[in-house]
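Take a look at the letters that make up each chain.
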Amino acid sequence: MHLWGCEMSRDSTRPVARDLDEDGLADLLALDPQGMLTLYRRYRNASGGLALRAGERILDRQGEPVKLDGSGRETGRATLTAMDWDGDGKLDLIAGNAIETSTD
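Treat the numbers as computed from the prediction; the structure is a model and nothing was measured. Every chain is numbered on its own, with residues counted from 1 as its sequence reads. Per-residue local features are limited, in this predicted model, to residues with pLDDT of at least 70; the limit for side-chain atom pairs, both in listing and counting, is 80 or more; totals at the level of whole chains, interfaces and linings are taken over all residues. The side-chain figures draw on all heavy atoms in the structure; neither hydrogens nor water molecules are used.

If you tally the helices and strands in the protein chain, you get 0 helices and 10 strands. If you list the helices and strands of the protein chain from N to C, you get β-β-β-β-β-β-β-β-β-β. Think of it in three bands: with a 1.4 Å probe and only protein chains considered, a residue is buried below 20% of the maximum accessible area for its type, exposed above 50%, and partly exposed in between. When burial is assessed residue by residue, the protein chain has 25% of its 104 residues classed as buried. We call two residues contacting when some pair of their heavy atoms lies within 4.5 Å. Across the protein chain, the fraction of contacts at a sequence separation of at least 24, relative to all contacts at a separation of at least 6, is 36%. Here the protein chain has roughly 6900 Å² of accessible surface; of this, 48% comes from carbon and sulfur atoms. Runs of H or I in DSSP of at least four residues are treated as helices and runs of E of at least two as strands, each being numbered from the N terminus. Here the open area of atoms and residues is found with the Shrake-Rupley method and a 1.4 Å probe, where only the protein chains shown may cover a residue.

Here it is as structure tokens:
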């Protein structure tokens, strides 16, 4: 899926639009085509219009990209939510990946 010139994961992935860098513009947190958690920062271009910068993969404490998407049937089904879950005044990321199963 392409959104404002950025390639993101397809199918049922649900990105989050929030001002994550506190510049007053809503940024986009989504999965890239490889299922890695990626931040697309919003900015104003030279003509004053809104645009998204190239994606920046989010890294874990070991410096590795955070993979939230599975493989096969699990691909493209991640749901992301950003909120202050623990009440400390900072945004937390909540992620889920719903897979339906059948016993037939």
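Summarising the element assignment, leucine 93 is placed in strand E10 (residues 92-97). Here the alpha-carbon distance between leucine 93 and alanine 82, two residues 11 residues apart in the chain, equals 4.7 Å. Ignoring sequence-local partners within four residues, the contact set of leucine 93 consists of Leu29, Leu37, Leu80 and Thr81.

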